[in-house]
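Read off the chains here:
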Amino acid sequence: MSDSRKRYLLIVNGKSSSNPELREAVQSARDRGFTITVRATWEGGDAAEFAEKAFSEGFTHVIACGGDGTVNEVVNGLMRVAHDQRAALGIVPLGSANDFATSVGLPLAPGAALEAALELRAHPIDVVRLTAESGDEQAISYYVNMTTGGFGAEVTSSTPKMLKRMLGGGAYSLMGALKAWRHKSYRGTLHWQEREESASLLLLALGNGRQSGGGQVLAPRAKLDDGRLDVLLVKDFSSVWELPTLVGELQDFPSEGRYVHYFTAPKLTVTTRPDDEPWPLTLDGEPRRHERFTVEVVPLALGVLLPEECALLSANDRH
Ligand SMILES: Nc1ncnc2c1ncn2[C@@H]1O[C@H](COP(=O)(O)OP(=O)(O)OP(=O)(O)O)[C@@H](O)[C@H]1O
């Protein structure tokens, strides 16, 4: 049922603006009395700008219609304004990966997703702030789902789609083949709480949500509203004989395995030495490289339209 206090702004990635199912769903909702304004992006940056202005323009809800990159831009736009001036975020997934929408259990078809966004309640979730430092410069960006680093980021940002799909299913059963294909690990020092660890890592995942790269579940126990990041470290190995142990550990995500460490922390910093390569990162689908960065949870920073039964909400914790 429409509620006259709710005003929706749909921010549609311009490349999907002619999506017939979305057009039909918008028309149908308007016919039923919903107040919906639609804005399409022309280029990168537009979605963030529209989202930033949404509340001051009288919108209570912003629906990001696009892939993970569009959702990420909208989140960044909303985080530019004060907490009490952030419109609630909804998602109509129109990308190729749609990792966040998939893992929280939102409908993937545009019509059903818009209907859901119009009916669902906003749940407060954590947002993660990533501060990258280079010399005296600091760059801040936010994400709601996951940042992957090292080998994982390269896989998610540069591996052909086919390989991604294979990875999505059996995940790291393919690690060996990939390793032979491109042997690379990244050195750095990680600091979190009172701990510090220097390591050569194949993969680092910093999850608020659970999956990235089009279906790779790298933070299987993550909750969106627990004030913590789920951290996955996968250490490098030196011989193929070590692979079965590594692959086995990737089924269980042990807290202190030989290669796999899985833990939670509210904040974590990664630094590299001058002769180390900057880390390739993929932040909610967007590739970048940093030498030194800190990720920190901003607790319950954003209201997001999610299914009541979403497994990533603490209220649905069965333990
Ligand atoms: N009108 C447009 N045409 C083409 N690209 C656009 C347009 N507007 C914005 N963009 C770009 O689209 C990117 C976001 O794409 P989006 O995440 O929505 O789709 P995707 O990459 O197919 O999805 P996924 O990340 O799920 O694979 C932004 O970084 C932005 O630069």
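Residues numbered from 1 in each chain as written. Predicted model: local features only at pLDDT ≥ 70, side-chain atom pairs only at ≥ 80, totals over all residues. Heavy atoms only, no water.

Looking at an unreviewed UniProt entry, one finds the protein named Probable lipid kinase YegS-like, with Vreelandella malpeensis as its source organism. Recorded in UniProt for the protein, the comment headed Sequence similarities (unreviewed entry) runs: "Belongs to the diacylglycerol/lipid kinase family. YegS lipid kinase subfamily." Quoted verbatim from the Subcellular location (unreviewed entry) field of UniProt, the annotation for the protein is "Cytoplasm". (UniProt positions renumbered as here; feature names shortened; annotations may be inferred.)

(A) Layout of the UniProt feature "active site" (unreviewed entry) in the protein. Under the local residue numbering, the UniProt record ascribes the feature "active site" (unreviewed entry) to Glu286. Along the chain, Glu286 turns up in strand E16 (residues 286-290). With sequence-adjacent residues up to four places away left out, Glu286 is seen in contact with Gly69, Asn72 and Leu281. (Helix = DSSP H or I, 4+ residues; strand = E, 2+ residues; numbered from the N terminus. Contact = heavy atoms within 4.5 Å.)

(B) Region of interest: the nonpolar core. Counting residues in each nonpolar core, the largest one holds 54 residues, and the members touching the most others are Leu10, Val74, Val75 and Leu89. The residues that make up this core include at least three from each of domain 1 (7-120) and domain 2 (128-299). In this view, Val75 contacts Leu89, Val127, Tyr142, Val144 and Leu302; residues no more than four positions away in its chain are not counted. Of all hydrophobic cores here, the second largest spans 24 residues; its members include Tyr186, Leu201, Leu204 and Val231. (Core = buried A, V, L, I, M, F, W, Y, C linked by side-chain atoms within 4.5 Å. Buried < 20%, exposed > 50% of the residue type's maximum accessible area, 1.4 Å probe, protein only. Domains from an automatic or database assignment.)

(C) Main features of the environment of Thr245. With respect to the secondary-structure elements, Thr245 resides in helix H9 (residues 243-252). A relative accessible area of 35% places Thr245 in the partly exposed class. Sequence separation between Thr245 and Arg258 is 13 residues, and the spatial gap between their C-alpha atoms is 8.0 Å.

(D) Local environment of the pairing of strand E12 (residues 229-235). Burial analysis of E12 places seven of its seven residues in the buried class, the great majority of the element. Relative to E12, strand E9 (residues 195-207) runs antiparallel, the two being bridged by six bridges. In the strand pairing of E12, Leu206 is matched with Val231. Note that E12 and strand E13 (residues 260-265) share six bridges and pair antiparallel. Along E13, the bridge assignment pairs Val231 with Phe263. (Pairing = 2+ DSSP bridges.)

(E) Spotlight on the site of the ligand. Among the 17 residues in the neighbourhood of the ligand, the closest are listed as Thr41, Gly67, Gly69, Thr70 and Ser96. Contact between the ligand and Thr41: a nitrogen atom at 2.7 Å from a side-chain N or O atom of the residue. In the environment of the ligand, an oxygen atom lies 3.4 Å from a nitrogen or oxygen atom belonging to the backbone of Gly44. When the free accessible area of the ligand is taken as 650 Å², the share hidden by the protein chains comes to 71%. Residue contributions to the shell around the ligand peak at three residues, all from helix H3 (residues 68-78). A class-by-class count of the residues in the shell around the ligand yields two nonpolar, 11 polar and four charged. (Near = heavy atom within 4 Å. Polar contact = N/O pair within 3.5 Å; in protein donor to acceptor, adjacent residues only side chain to side chain. Areas by Shrake-Rupley, 256 points an atom, 1.4 Å probe, with all protein chains shown as cover. Nonpolar A, V, L, I, M, F, W, Y, C, P; charged D, E, K, R; others polar.)

(F) Helix H5 (residues 110-119), seen in detail. Counting buried positions along H5 gives seven out of 10 residues, so the element sits mostly inside the fold. Among the residues of H5, Pro110, Gly111, Ala113, Leu114, Ala116, Ala117 and Leu118 are the ones counted as buried. On its buried face, H5 sits against strand E1 (7-12), helix H1 (20-31), strand E2 (35-40), strand E3 (61-66), strand E4 (88-93) and strand E17 (292-305).

(G) Fine view of the packing of H1 against H5. As a packed pair, H1 and H5 sit with axes 8 Å apart at the nearest point and diverge in direction by 35 degrees. Between H1 and H5 lies a crossing of right-handed hand. Between H1 and H5, the contacting residues are Glu21, Leu22, Ala25, Val26, Ser28 and Ala29 on the first element and Pro110, Gly111, Leu114, Glu115 and Leu118 on the second. (Axes fitted to C-alpha atoms, helices over the stretch in contact; angles between N-to-C directions. Left-handed = near helix turned anticlockwise from the far one by under 90°.)

(H) The UniProt feature "binding site: ATP" (unreviewed entry) in the protein, seen in detail. Residues annotated in UniProt with the feature "binding site: ATP" (unreviewed entry) correspond here to Thr41, Gly67, Asp68, Gly69, Thr70, Val71, Asn72, Glu73 and Ser96. In this structure Glu73 comes out as partly exposed when scored by relative accessible area, which is 21%. If we ignore the near neighbours within four places in the chain, the residues touching Glu73 are Gly44, Gly45, Asp46, Ala47 and Ala48. Here the side chain of Glu73 touches Gly45 through a polar contact of 2.9 Å, landing on its backbone nitrogen. With respect to the helices and strands, Ser96 occurs in the loop between E4 and helix H4 (99-104). By relative accessible area, Ser96 is classed as exposed at 66%.

(I) Representation of the packing of helix H2 (residues 46-54) against H3 in the model. Where H2 contacts H3, the two axes come as close as 7 Å, and the packing angle between them is 40 degrees. Considering the angle they form, H2 stands oblique to H3. In this structure, the crossing between H2 and H3 has a hand that is right-handed. Two secondary-structure elements touch here, H2 through Asp46, Ala47, Ala48, Ala51 and Glu52 and H3 through Thr70, Glu73, Val74, Gly77 and Leu78. (Parallel < 35°, antiparallel > 145°, perpendicular 65-115°, else oblique.)

(J) Focus on H1. Counted at 1.5 Å a residue, the expected span for H1 with its 12 residues is 16 Å, and the 16 Å between its end C-alpha atoms agrees. Among the residues of H1, Leu22, Ala25, Val26 and Ala29 are the ones counted as buried. Angularly, the buried residues of H1 cover 100 degrees about the axis, an arc narrow enough to put them on a single face. Among the exposed residues of H1, those oriented more than 90 degrees off its buried face are Pro20, Arg23, Glu24 and Asp31. Contact partners of the buried residues in H1: E1, E2, E3, E4 and H5. N-cap assignment for H1: the residue whose side-chain oxygen lies 3.1 Å from the backbone N of Glu21 is Asn19. Two residues or fewer past H1, Gly33 is found with a positive phi of approximately 100 degrees. (Expected span 1.5 Å × (residues − 1). Arc of directions from axis to C-beta.)

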